[in-house]
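Given next are the chains, with one letter for each unit.
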Amino acid sequence: MYLQDRGLDEDPAVVPAPSPLSGLFIRTRGGDLTKVSIPPDCLAFQTGEALEVATGGKLRATPHCVRVGSSPNTQQVSRETFALFLQPNTDQHLSASETEYMLDTWLQRGGS
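Residues numbered from 1 in each chain as written. Predicted model: local features only at pLDDT ≥ 70, side-chain atom pairs only at ≥ 80, totals over all residues. Heavy atoms only, no water.

A. Summary view of the overall build of the chain. Helix and strand content of the chain: two helices and six strands. Listed by position from the N terminus, the elements making up the chain come as β-β-β-β-α-β-β-α. Its C-alpha atoms give the chain a radius of gyration of 20 Å, more than 25% over the compact-globule value 13 Å for 112 residues. With respect to the three principal axes, the spread of C-alpha positions in the chain is 55 × 35 × 25 Å. Per-residue burial for the chain yields a buried fraction of 15% across its 112 residues. A fraction of 52% describes how many contacts in the chain between residues 6 or more apart in sequence connect residues 24 or more apart. For the chain, the accessible surface area stands at approximately 9,200 Å², while carbon and sulfur atoms represent 55% of it. Across the chain, the centroid of the 9 positively charged side chains sits 9 Å from that of the 13 negatively charged ones. (Helix = DSSP H or I, 4+ residues; strand = E, 2+ residues; numbered from the N terminus. Rg over C-alpha atoms; globule rule 2.2 N^0.38 Å. Buried < 20%, exposed > 50% of the residue type's maximum accessible area, 1.4 Å probe, protein only. Contact = heavy atoms within 4.5 Å. Areas by Shrake-Rupley, 256 points an atom, 1.4 Å probe, with all protein chains shown as cover. Lys, Arg positive; Asp, Glu negative; His and termini not counted. Charge placed at Lys NZ, Arg CZ, Asp CG, Glu CD.)

B. Spotlight on the sheet that holds strand β5 (residues 64–67). Overall, antiparallel pairing links the three strands, which are arranged β4-β3-β5 in an open sheet. Looking at strand neighbours, the two that pair on one side only are β4 (33–35) and β5, the edges of this open sheet. Averaged over all adjacent pairs, the angle separating strand axes in this sheet is 30°, with direction ignored. In terms of strand pairing, strand β3 (residues 23–27) meets β4 through three bridges, oriented antiparallel. Note on β4: the bridge partner recorded for Phe 25 is Lys 35. (Pairing = 2+ DSSP bridges. Axes fitted to C-alpha atoms, helices over the stretch in contact; angles between N-to-C directions.)

C. Here's a closer look at helix α2 (residues 96–108). Its 13 residues give α2 an end-to-end C-alpha distance of 18 Å, which sits within 8% of 18 Å, the value for a rise of 1.5 Å per residue. Downstream of α2 by a residue or two, Gly 110 has a phi angle that is positive, lying close to 95°. (Expected span 1.5 Å × (residues − 1).)

D. Spotlight on the side chain of Ser 19. Looking at where Ser 19 falls in the secondary structure, it is placed in the loop between β2 (13–15) and β3. Using a relative accessible area of 7% as the deciding quantity, one classes Ser 19 as buried. Setting aside chain neighbours within four positions, we find Ser 19 in contact with Gly 69 and Ser 70.

E. Layout of the sheet that holds strand β6 (residues 77–79). The strand order across the open sheet built from three strands is β2-β1-β6, with neighbouring strands paired in antiparallel fashion. The outermost strands of the open sheet, each flanked by one partner alone, are β2 and β6. Within this sheet the neighbouring strands show an average axis-to-axis angle of 40°, counted without direction. Note that strand β1 (residues 2–4) and β2 share three bridges and pair antiparallel. Among the inter-strand pairings, Leu 3 is bridged to a residue of β2, identified as Val 14.

F. Structural detail: the side chain of Ser 22. As for its position among the elements, Ser 22 is in the loop between β2 and β3. In this structure Ser 22 touches Tyr 2, Ala 17, Lys 35, Arg 67, Val 68 and Gly 69, once residues within four positions along its chain are discounted.

Spelled out as structure tokens, the structure:
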């Protein structure tokens, strides 16, 4: 979501990206840098390295970057996101076999 400052007396307005070159880009498995288009009424999930290790590579971390293209009013527009990072405890052992064991145990207990 992009917001444009409209001054002290008004709330910011939701606006389109200031440039077609602005937004989230990911590195594909083939190595290409591709712009991601997430519809406004959707939620995107991006996996990180901890999940890649815990699943033995079945789910892979997503190399990514945010780019801002230039346009005449770029300075009045901000990109707004909400990131929620879930991080294992620093002493948690991460491995595919450990994750499979924990999942099997959880399922044997009825998944609750």
